[in-house]
Amino acid sequence: MVVSSKYMVSKKILTFLDTHHVSYELVEHRQVFTAYDTAATLHIPLQSVIKTLCVSGNRGEVFFVLVPASKKVDVKKLAKSLVCSRVSLPSERELSKKLKVKLTTAPPLPLGFFYACKTVMEKNLCGLKKAYLGSGDFRFSLVVSPKALAKIPEMSMGSFCQ
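Residues numbered from 1 in each chain as written. Predicted model: local features only at pLDDT ≥ 70, side-chain atom pairs only at ≥ 80, totals over all residues. Heavy atoms only, no water.

## Examining the overall build of the protein
And step 1. Within the protein, the regular secondary structure consists of five helices and eight strands.
And step 2. Listed by position from the N terminus, the elements making up the protein come as α-β-α-β-β-α-β-α-β-β-β-α-β.
And step 3. Its C-alpha atoms give the protein principal-axis dimensions of about 45 × 35 × 30 Å.
And step 4. Counting only residues that meet the buried cut, the protein has 48% of its 162 residues in that class.
And step 5. In the protein, once contacts between residues fewer than 6 apart in sequence are set aside, the share between residues at least 24 apart is 65%. (Helix = DSSP H or I, 4+ residues; strand = E, 2+ residues; numbered from the N terminus. Buried < 20%, exposed > 50% of the residue type's maximum accessible area, 1.4 Å probe, protein only. Contact = heavy atoms within 4.5 Å.)

## Notes on the sheet that holds strand 7 (residues 140-144)
And step 1. One open sheet holds the three strands; their spatial order is 1-7-6, and the pairing between them is antiparallel. Unpaired on one side and paired on the other, strand 1 (24-28) and strand 6 (131-134) mark the two borders of the sheet. Neighbouring strand axes in the sheet, compared pairwise and without regard to direction, differ in orientation by 35 degrees on average.
And step 2. With five bridges joining them, strand 1 and strand 7 adopt antiparallel strand pairing. Residue pairing in the sheet places tyrosine 24 in a bridge with valine 144 of strand 7. (Pairing = 2+ DSSP bridges. Axes fitted to C-alpha atoms, helices over the stretch in contact; angles between N-to-C directions.)

## Concerning the nonpolar core
And step 1. Within the largest apolar cluster, 32 residues are counted, with the highest numbers of intra-cluster contacts made by Leu17, Leu66, Leu142, Leu149 and Met155.
And step 2. Sorting the residues of this core by element identifies helix 1 (11-19), strand 1, strand 2 (50-57), strand 3 (62-68), helix 4 (92-99), strand 6, strand 7 and helix 5 (146-150) as the ones contributing at least two each.
And step 3. Looking at which element gives the most residues to this core, the answer is helix 1, with four residues.
And step 4. Ignoring anything within four residues of it in the chain, the contact list for leucine 17 reads Val22, Tyr24, Leu142 and Leu149.
And step 5. Residues Phe63, Val65, Val73 and Cys161 belong to the second largest nonpolar core, which totals 13 residues. (Core = buried A, V, L, I, M, F, W, Y, C linked by side-chain atoms within 4.5 Å.)

## Points about the sheet that holds strand 4 (residues 87-88)
And step 1. Spatially, five strands are ordered 4-2-3-5-8 in an open sheet, and the strand pairing comes out mixed. Bordering the open sheet on either side are strand 4 and strand 8 (155-158), each of which pairs with just one other strand.
And step 2. Sheet topology places strand 3 next to strand 5 (residues 118-122); four bridges connect them, and they run parallel. Looking at the pairing, phenylalanine 63 lines up with lysine 118 of strand 5.

## Structural notes on the packing of aromatic side chains
And step 1. All chains considered together, the criterion is met by four aromatic pairs.
And step 2. Measuring from centroid to centroid gives 4.7 Å for phenylalanine 33 and phenylalanine 138, while their planes differ by 55 degrees, and the two rings are tilted. Taken together, the positions of phenylalanine 33 in the loop between strand 1 and helix 2 (35-42) and phenylalanine 138 in the loop between strand 6 and strand 7 put the pair 105 residues apart, joining distant regions of the chain.
And step 3. Look at phenylalanine 33 and you get exposed, because its relative accessible area is 57%.
And step 4. With a centroid separation of 5.5 Å and an interplanar angle of 10 degrees, the aromatic rings of phenylalanine 64 and tyrosine 115 are classed as stacked. Taken together, the positions of phenylalanine 64 in strand 3 and tyrosine 115 in the loop between helix 4 and strand 5 put the pair 51 residues apart, joining distant regions of the chain.
And step 5. By the ring-pair criterion, three or more aromatic residues cluster together here, those being Phe16, Phe113 and Phe114. (Phe/Tyr/Trp six-rings, centres within 6.5 Å; stacked < 30°, edge-to-face > 60°.)

Okay, here's the thing in structure tokens:
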């Protein structure tokens, strides 16, 4: 899919998805900052929005975790899935330093591959035909097939939602 240069969506993510044969649709909407706002703005169920969480492992590594926005993460199951003794939410400052990005102006790209971080996706997402993923721009979402995302070689899968 070709995207006009007027869009602020990162070409990195679009090229990455194209390279991995993940088809997508770019959906423009009003500026939103939460998964809940995305669902409300697009008039879609909350469970069809993919929420990206960044967590730190006990050795200081950062992981990107993709979950249905309607679910909560069981941190013990997540830690086990990531082969960590524990996980925690890093501060914005810590995350900005580790990812080498300024988080106040734009959200990070939704996949950890761009930051040399492991990305793990909740298996339950694969039950959806399509889901809405952040694009790295507060005004656009990517409509993707979770099953196609799961086929990306670098993607790990786990069961850690409640």
